[in-house]
Amino acid sequence: MGFLEERFEDNIITAKLDQILSWARSTSAWYFQFGLACCAIEMMATAASRHDLERIGMMPRSSPRQADVMIVAGTVTLKMASRVKLLYDQMADPKYVISMGSCSNSGGPYSRQGYHVLKGVDQIIPVDVYVPGCPPRPESLIEGLLKLQDKIRKERPLTKKK
Amino acid sequence: MIINQKVSDILETKFPGVVILPEEPHNDYIQIQLEKWNEIAKFIKIDSELKFDSCQCITGIDLGIEEGLEVRYNFHSMKLKHKIEIRIAIERKKPSVPSVEQVWRGADWLEREVYDMYGIRFKGHRDLRRMLLPDDWKGWPLRKDYKTPNIYNGMKVPKVRKGWD
Amino acid sequence: MYRDFGTVFLFVIIGAVLLTVALLLAKILSPSRPSKNKLSTYECGEEAEGSAWVKFNIRYYVIALVFIIFDVEVLFLFPWAVVYKDLGWLAFIEMAIFLLILIVGLIYVWRKGDLDWVKYNVKYGQGRYQNSSGKEA
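Described below are features of the structure shown in this document.

Thresholds applied
Residues numbered from 1 in each chain as written. Chains lettered and ligands numbered in written order. Predicted model: local features only at pLDDT ≥ 70, side-chain atom pairs only at ≥ 80, totals over all residues. Heavy atoms only, no water. Helix = DSSP H or I, 4+ residues; strand = E, 2+ residues; numbered from the N terminus. Buried < 20%, exposed > 50% of the residue type's maximum accessible area, 1.4 Å probe, protein only. Contact = heavy atoms within 4.5 Å. Buried area = accessible area lost by both parts, 1.4 Å probe. Salt bridge = Lys/Arg side-chain N within 4 Å of Asp/Glu carboxyl O. Polar contact = N/O pair within 3.5 Å; in protein donor to acceptor, adjacent residues only side chain to side chain. Nonpolar A, V, L, I, M, F, W, Y, C, P; charged D, E, K, R; others polar. Pairing = 2+ DSSP bridges. Axes fitted to C-alpha atoms, helices over the stretch in contact; angles between N-to-C directions.

### What to know about the overall build of chain C
And then number 1: Looking only at helices and strands, chain C has three helices and zero strands in total.
And then number 2: Sequence-ordered secondary structure for chain C, helices as α and strands as β, is α-α-α.
And then number 3: Residue burial in chain C is summarised as follows: out of 137 residues, 8% are buried.
And then number 4: Pairs at least 24 residues apart make up 39% of the contacts formed inside chain C by residues separated by at least 6 positions.

Structural data, given as structure tokens:
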């Protein structure tokens, strides 16, 4: 918010406006489909018709500039890590990251012997929600996304931070 | 047994002394010397009784600190429908094998992968560079004396994170 | 008559207001934190190299051209159709002549093959000088 960000004291009007704004942001979080490995298949399955991602407002976008949420699904190798960082930087604010699957949470099955794997994507980008599983079932991913929606909804973008 | 014997015999007649015979005859592989690999490769592709026109796989093996490295080729003939494995033992210090990329074009990326993982240079390969690992990676991972680096481009690559175990 | 003008004017005003409100709201409500990496060119995560100007097919231009011409023709047809009932035979003949001229143009474009996406009377990959004796440049 160039102009209105964190300008107001805390009162009933700004609280309600905050609620509307955060609700609007949380229920239309378009995701940047960043499927790297097997978790991508589960992300595709979640976006398909049986467990629908569109019904919670998430639309897949292929470009980071049009996306709000980045779902890092799959193993992040060291070769890919610089690209992940650049793409995260190219996303527009406000942006959130979901780390899906064990490999992007903490290296996953490659955490001990994997010389080429980045042990956890939170070494390079800040993560909001971790979804465990290898790969997580679509229901798990939807729960993670609903938790992200709750987290976004708690934000107060218009009020001054104490 | 049959195809191994046949190929060994044909290779012995054409290039004497190049096949290292095993103790007991078997059909798993043929071990040959490194010297004339260029001509042997062209020969087994063209010869009418062998006609190995398809290079299925090229692998590198590290047999241990004492024994050294080895390159193994799997060939298959689409016309005569037989297959063979050829092994070449190479030294560990500066491993170098003549490239068969110009004979079988499919060997291009296979040899790049072996170079990437073992450091075996293929002489005559027109574009030998790393394939799976990042271009500025140091070391040859699949060798037995490889140590995982601690840091790469500012990112930690440790085996275990603090607090695990 | 003035009532019709008023309706159109109201449309224009509402359109302008809607557009302004949408853009202004986005401008004041969205956070703006530009950084060097954020403004860099997007190339799937790699460093961008090469020029952004690529060659595009000339077919797009041809199709746009043909569309514009016939769209303007339809634009001329609309007011004529609205008042057609009050005019006599002269208006009909005039419009018929106008349409005829444009139909000749349509037949030309049709026969030339510009309405097909893939032209069938041109051999692709051979160049149009295949029958000449000289070598290609």
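### Looking at the interface of chain A and chain C
And then number 1: Contact residues are listed per partner, giving 22 residues for chain A and 16 residues for chain C.
And then number 2: When chain A packs against chain C, close to 1600 Å² is buried across both sides, 49% of that on carbon and sulfur atoms.
And then number 3: Between Arg-33 of chain C and Asp-93 of chain A there is a salt bridge, with the nearest N and O atoms lying 3.5 Å from each other.
And then number 4: Taken together, the links from chain A to chain C amount to eight residue pairs in polar contact (both at pLDDT 80 or more).
And then number 5: Of all elements in the fold, only helix 1 (12-26) and helix 3 (78-90) of chain A reach the threshold of two or more residues within the side of chain A that touches chain C.
And then number 6: With five residues, the single largest contributor to the side of chain A that touches chain C is helix 3 of chain A.
And then number 7: Split by residue class, the side of chain A that touches chain C holds 11 nonpolar, four polar and seven charged.

### Here's the deal with the pairing of strand 3 (residues 54-62) of chain B
Residue and element names in this part refer to chain B.
And then number 1: As paired elements, strand 3 and strand 4 (residues 69-76) share eight bridges and run antiparallel to each other. The residue of strand 4 that forms the bridge with Thr-59 is Arg-72.
And then number 2: Here strand 3 hands over to strand 4 after six residues, with Gly-64 in that stretch at a positive phi of 125°.

### So, the environment of Ala-15 of chain A
And then number 1: Along the chain, the position of Ala-15 of chain A falls in helix 1.
And then number 2: Taking C-alpha positions, Ala-15 of chain A is 7.9 Å from Thr-159 of chain A, a pair spaced 144 residues apart along the chain.

### As for the sheet that holds strand 5 (residues 129-131) of chain A
Residues and elements named next belong to chain A.
And then number 1: The sheet built from five strands is open, its strands ordered 2-1-3-4-5 with parallel pairing. Both outer strands of the open sheet, strand 2 (60-61) and strand 5, are each paired with one neighbouring strand and no more.
And then number 2: As defined by bridge partners, strand 1 (residues 31-35) adjoins strand 2 across two bridges and the pair is classed as parallel. Across the sheet, Tyr-31 pairs through a bridge with Pro-60, a residue of strand 2.
And then number 3: Each of strand 1, strand 3 (69-73) and strand 4 (96-100) is contacted by helix 2 (residues 38-47), which is oriented at about 145° to strand 1, the strand it contacts most.

Honestly, that's just the spatial picture; any functional story needs more than this.
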